[in-house]
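What the coordinates show
The primary structure of each chain is shown beneath.
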Amino acid sequence: MPVRPTKESGLTTVACVECRKQHLKCDAKRPSCSRCLQNGLHCEYIASRRGGRRISRHKQKLSAASSSPVYQQSLPGMTLNHTQSVLQSVTPDLSGQANRHIPTPPSTSFSQQLTGNDLSNAGSDEASWLGILPTNDYASGVSLSKASVEDDNRLLRLYYENFHAAHPILAPSGMYNDQNYPPYLQAVVYFVGSQYTSSGRSNEYKNRVVDLLASHTEHSPAAVQAWLIYAIVLNARRETDEAKAALTRSIDLALELGMNRAGYASSAYAECSLQAESLRRTWWELYITEIHMAISLNSCTNRCCASHLEVPLPCEESIYNAGKGIPRPSTMLDFRRRILAAEDPIFSSFSYRIEATAILSRVTMLNRIPDCHRDHVQAAENALVSWTNHLPATKLDIVDAYGTVDEMIFQAHLTIGYAAMLLHLPRSDLHPVLAQPEKSQFWPGASCHQQLSSTSTRLVHSIKATEASRQVSDSISICPNILKHSPFILPALSLCGLIQLATSTVHSDECFDHHCNRVNLILGCLKSARRTWELAESTYQSLRSSAADLMSASLERCQWNAAPVNQQTVPSESTTADPTRSSSVALDGQDPMMTCLPPNFFDRACFNASIFTAVPDLDMI
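Residues numbered from 1 in each chain as written. Predicted model: local features only at pLDDT ≥ 70, side-chain atom pairs only at ≥ 80, totals over all residues. Heavy atoms only, no water.

Regarding its fold elements, the protein chain presents 25 helices and zero strands. Sorting the 621 residues of the protein chain into buried and exposed places 47% on the buried side. Partitioning the intrachain contacts of the protein chain with sequence separation of at least 6 by distance along the chain shows that 68% fall at a separation of at least 24. Surface accessibility of the protein chain: about 31,700 Å² in total, with carbon and sulfur atoms responsible for 51%. (Helix = DSSP H or I, 4+ residues; strand = E, 2+ residues; numbered from the N terminus. Buried < 20%, exposed > 50% of the residue type's maximum accessible area, 1.4 Å probe, protein only. Contact = heavy atoms within 4.5 Å. Areas by Shrake-Rupley, 256 points an atom, 1.4 Å probe, with all protein chains shown as cover.)

What follows covers the UniProt feature "domain: Zn(2)-C6 fungal-type" (unreviewed entry) in the protein chain. Residues given the UniProt feature "domain: Zn(2)-C6 fungal-type" (unreviewed entry) here are residues 15-45. The span residues 15-45 carries 35% helix and 0% strand; its end-to-end C-alpha distance comes to 7 Å. (UniProt positions renumbered as here; feature names shortened; annotations may be inferred.)

Glancing now at the nonpolar core. Generally speaking, a soluble globular protein has its nonpolar side chains buried in company with each other. Membership of the largest hydrophobic core comes to 132 residues, with the highest contact counts inside it found for L170, Y230, W284 and L493. Looking at this core, the element that brings in the most residues is helix 11 (residues 221-236), giving 13 residues. Discounting chain neighbours no more than four positions away, the residues touching W284 are L309, V311, P312, L313, P314, M332, F350 and I354. The next biggest cluster of nonpolar side chains, apart from the first, holds 10 residues, and it includes C16, C19, A28 and C36. (Core = buried A, V, L, I, M, F, W, Y, C linked by side-chain atoms within 4.5 Å.)

Turning next to helix 19 (residues 374-389). A turn of α-helix holds 3.6 residues, and therefore any two residues three or four places apart point the same way. If you check helix 19, its first and last C-alpha atoms are 22 Å apart, about what 16 residues at 1.5 Å a residue would give, namely 22 Å. Among the residues of helix 19, those classed as buried are V377, A380, E381, A383, L384, W387 and T388. Angular distribution of buried residues about the axis of helix 19 spans 150°; they occupy a single face of the element. Against helix 18 (349-367), helix 20 (407-424) and helix 21 (458-478) lie the buried residues of helix 19. (Expected span 1.5 Å × (residues − 1). Arc of directions from axis to C-beta.)

Residues V399, V405 and I478 make up a contiguous nonpolar surface patch of roughly 180 Å² in combined accessible area. Its place among the elements puts V405 in the loop between helix 19 and helix 20. A relative accessible area of 30% places V405 in the partly exposed class. (Patch = residues over 30% accessible without salt bridge, like charges linked within 9 Å, V, L, I, M, F, W, Y side chains within 5 Å. Salt bridge = Lys/Arg side-chain N within 4 Å of Asp/Glu carboxyl O.)

Okay, the pattern of salt bridges next. One pass over the full model with this rule turns up 18 salt bridges. Where E204 meets R201, a salt bridge forms, and the shortest distance between an N and an O atom there is 2.9 Å. Look at E204 and you get partly exposed, because its relative accessible area is 44%. Among the salt bridges present, the one from E381 reaches K464, with a minimum N-O distance of 2.1 Å.

Let us look at the packing of helix 10 (residues 202-215) against helix 11. With their axes 12 Å apart at the nearest point, helix 10 and helix 11 run at an angle of 145° to one another. Regarding helix 10 and helix 11, the two cross each other, and that crossing is left-handed. Residues K206, V209, V210 and L213 of helix 10 touch helix 11, and the partners they reach there are A226, W227, Y230 and L234. (Axes fitted to C-alpha atoms, helices over the stretch in contact; angles between N-to-C directions. Left-handed = near helix turned anticlockwise from the far one by under 90°.)

Here the distance between the centres and the angle between the planes together describe a pair of aromatic rings. This model, assessed by the stated rule, comprises 10 aromatic pairs. Between Y159 and Y160 the ring centres are 5.2 Å apart and the planes differ by 80°, which places this aromatic pair in the edge-to-face class. Here Y159 falls in the buried class, since its relative accessible area comes to 0%. What makes Y160 buried here is its relative accessible area of 13%. Here the aromatic rings of Y160 and Y176 are separated by 5.9 Å at their centres, their planes lie at 80°, and the arrangement is edge-to-face. Within this pair, whereas Y160 is found in helix 8 (residues 136-163), its partner Y176 is found in the loop between helix 8 and helix 9 (183-194), the two being separated by 16 residues in sequence. Chaining the aromatic ring pairs together yields one cluster made of Y159, Y160, F163, Y176 and Y181. R281 extends its terminal NZ or CZ atom over the ring of Y320, reaching a point 4.0 Å from the ring centre. (Phe/Tyr/Trp six-rings, centres within 6.5 Å; stacked < 30°, edge-to-face > 60°. Lys NZ or Arg CZ within 6 Å of the ring centre and 35° of its normal.)

Before going further, it helps to examine the environment of F335. Looking at the secondary structure, you find F335 in helix 17 (residues 332-336). For the pair F335 and Y352, spaced 17 residues apart in the sequence, the C-alpha separation amounts to 9.0 Å. Those residues in contact with F335 that lie beyond four places of it in its chain are L313, F347, S351, Y352 and E355.

A few words now on the side chain of Q500. As for its position among the elements, Q500 is in helix 22 (residues 490-506). For Q500, a relative accessible area of 1% puts it in the buried group. Beyond its immediate stretch of four places on either side in the chain, Q500 contacts T466, S469, R470, H515, R518 and V519.

The next point concerns unusual backbone geometry. With an omega of 5°, the peptide bond between R30 and P31 qualifies as cis. Turning to its location among the elements, P31 is positioned in the loop between helix 1 (17-21) and helix 2 (34-39). Even without being glycine, N180 reaches a positive phi, approximately 55°. Assignment of secondary structure puts N180 in the loop between helix 8 and helix 9. On the basis of relative accessibility, which here comes to 66%, the residue N180 falls in the exposed class. Unusually for a residue other than glycine, R238 sits at a positive phi of about 60°.

Interaxial distance between helix 20 and helix 21 falls to 8 Å at its minimum, and their mutual angle equals 160°. Taken together, helix 20 and helix 21 sit at an angle that is classed as roughly antiparallel. Where helix 20 crosses over helix 21, the two elements pack in a sense that is left-handed. Touching F410, L414, G417, Y418, A420, M421 and H424 of helix 20 are H461, K464, A465, A468, S469, V472, S475 and I476, all from helix 21. When the residues that make up the contact of helix 20 with helix 21 are grouped by side-chain class, the tally is nine nonpolar, five polar and one charged. (Parallel < 35°, antiparallel > 145°, perpendicular 65-115°, else oblique. Nonpolar A, V, L, I, M, F, W, Y, C, P; charged D, E, K, R; others polar.)

When you line up the elements, M365 lands in helix 18. On the accessibility criterion, M365 (35% relative accessible area) is partly exposed. Expressed as a C-alpha distance, the spacing of M365 and C300, which sit 65 residues apart in the sequence, is 8.1 Å.

Turning our eyes to something else, we now look at the state of the cysteines. For the coordinates displayed, the defined rule picks out zero disulfides. C525 provides the cysteine sulfur closest to C479, a residue in no disulfide bond, and the two sulfurs are 9.2 Å apart. (Disulfide = S-S within 2.5 Å.)

A few words on the confidence of the model for the protein chain. Residue-level pLDDT values for the protein chain average 76, and 67% of them are 70 or greater. In the model of the protein chain, helix 7 (residues 127-130) stands out as the element of lowest mean pLDDT, 31, in contrast to helix 11, which has the highest, 97. Here residues 1-9 is a poorly scored stretch, pLDDT under 50, and it has 12 contacts once near neighbours within four places are set aside; other chains count. (pLDDT = per-residue confidence, 0-100.)

Moving on, we get to the environment of L286. The topology assignment puts L286 in helix 14 (residues 274-296). Looking at L286, the relative accessible area reads 0%, which means it is buried. Measuring from C-alpha to C-alpha, the distance between L286 and L228 comes to 6.8 Å, with 58 residues separating the pair along the chain. With residues up to four places along the chain from it excluded, the contact list for L286 reads L228, L247, S250, I251, A254 and C304.

Next up, the structure:
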């Protein structure tokens, strides 16, 4: 239709393409203007964009961005169709109101689901970068996508900083993205990482894990790893029923796949590859987890222990973290033959951790048999002592010269100490310090305290139980950042504190501070861990309430019995003039200042128990 000229100038508001190119006036006649008709040109009109909304242009940019490889890599676990649907859900429809509500995008990558006010605030920072912002809604959607990626990366980093070293079955952090782990395993990783944040959104991540694990049907090693990690975290959260079901599912899949066979990893991958090493570690981690959870869940399952231990042993952590140069794995038979070797062969720290956990399993099974033969108890005690005696010198310390903690050998030492406490405590004369010990998982054998067979007098078992608790507290004092360790050490720490409390009730007040300081150490570790693990909360409250009942009177009594500082021996004028006449401690090579310290400046050691342990005292000088 012909366009009417404006009243003011007589010019039309529309010009053909040719007149626009030459910047000439056009009379806008249809089907051809006068100038194009005169010159024989093709006359074409396009709709004016003045005052219009360039929605299609924005959508084209978004479509191009979503199809780029860089953008796809920034959203792990999301397909291209899913990514486009997320982008379409946050693209504004400017035909409606400017402040309409934006639907929350799907949470495949565990993005934060922000409210309307949060979206408006988040979008304002992106306006200058995009340059095409008619409203804040569009910027909010892009900011939401970036926030989801940052959240995933942060949770992944928290997983590897806090959890991976204690349960190193997945690929090292530098090789994680190369493994293309399925979405349900990635969801479990994010769920574990969320435990170390204060956002309070762990249950949201858990719900996502439940949905993904329930929907997948594949039987693969990745599924075994997902269920295994999930079971460990649920156990630390004291969700026992779900933890037991998850562990059962993981064991079922592992046995169905044949991961307990020696050649499974090498048949799936090259024997010395990173993936094969990950599969071997997965089976042994499943073996260890079943034993620890059998104690905490008070069950007798030993399906992994019942199978023949033919899976090759894992390599050292430093080699595995490097991601290359995986050596040919050793067998369990090679490891057991080390005591017969002419030289002192060194195996990986993971290997010693496996054997320590096997000894722990033997002890827990003995405690379930009240009338077992004393030779069986002696065999378990021999295994505990032999494990320490056959450690190479490089495995006696849990840290290296640079202060790096060997988490695997640390867990191995704590496991041996835990097994020794479980073996000797039910056979000792130490009385339970809990209100209802028969209902506690942390004080073993309380219900059949007088029935367990022993190999020595109850006094000797008491001394050995106390010595084992001392070893555990000494180990945790070296690396007290408990969140960096496995949650499986929490029951051992709790039992350590309870034994120190029980020992303080039968010892004199002279060594009360010695036991009190160890209880304080354990309480501090549990207090820091209870912010993350519900299991730590229950162990902390149990130990704290017992300590409050038993130590309050002793603290007051020891305070009044302590001599004031001004009554302590101080150097007199005659002593100052003639140091040789000092009757205090003017010994050769001793600092004279030591003579001025009050007697209660140092804690009194309750006894010298070094004859009951093969672990040498740490040289702290």
